[in-house]
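# What the coordinates show
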Amino acid sequence: TNSKRFSHCSVQGHHHSVMGVSYHEDESASRWNMSVGCLIDNTSPAFNYNKAHLLATPIMGIGLVLKGTPIPLRMELDNEGRWIGRVK
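Calculation notes
Residues numbered from 1 in each chain as written. Predicted model: local features only at pLDDT ≥ 70, side-chain atom pairs only at ≥ 80, totals over all residues. Heavy atoms only, no water. Salt bridge = Lys/Arg side-chain N within 4 Å of Asp/Glu carboxyl O. Buried < 20%, exposed > 50% of the residue type's maximum accessible area, 1.4 Å probe, protein only. Helix = DSSP H or I, 4+ residues; strand = E, 2+ residues; numbered from the N terminus. Pairing = 2+ DSSP bridges. Axes fitted to C-alpha atoms, helices over the stretch in contact; angles between N-to-C directions.

This part takes up the pattern of salt bridges. In this structure the tally under the stated criterion is two salt bridges. The partner of Arg31 in a salt bridge is Asp26, and the shortest N-O contact between them spans 3.1 Å. For Arg31, a relative accessible area of 5% corresponds to the buried category. Across the pair Glu76 and Arg86 runs a salt bridge whose closest N-O atoms are separated by 3.1 Å. Remark: Arg86 occurs in strand E6 (residues 83–87) and Glu76 occurs in strand E5 (residues 69–77); sequence separation between them is ten residues. The class of Arg86 is partly exposed, set by a relative accessible area of 48%.

Okay, the sheet that holds E6 next. Spatially, three strands are ordered E4-E5-E6 in an open sheet, and the strand pairing comes out antiparallel. Strands with a single pairing partner mark the edges of an open sheet, and in this sheet they are strand E4 (61–66) and E6. For this sheet the average axis-to-axis angle between neighbouring strands, irrespective of direction, equals 30°. Where E5 lies against E6, two bridges are found, and the strand directions are antiparallel. In the strand pairing of E6, Met75 is matched with Val87.

See below:
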């Protein structure tokens, strides 16, 4: 929505269950919007609402923009949901 509405590329974080890139074009430009997931500890009591509303499991991720190209990267997690220091 940001890239369509405001006519610029954008990066947005903290969508719990969304990660990826969408592209939009019109007569004047080609733009992209990148959602990069979130960085929450889903087991923390602060996120109990996530379980109560049966929302999807959060996607842990970060984003990189390299020479104008958006690159979403998933964080690799261990069996306990902790980051192991690598991205995909």
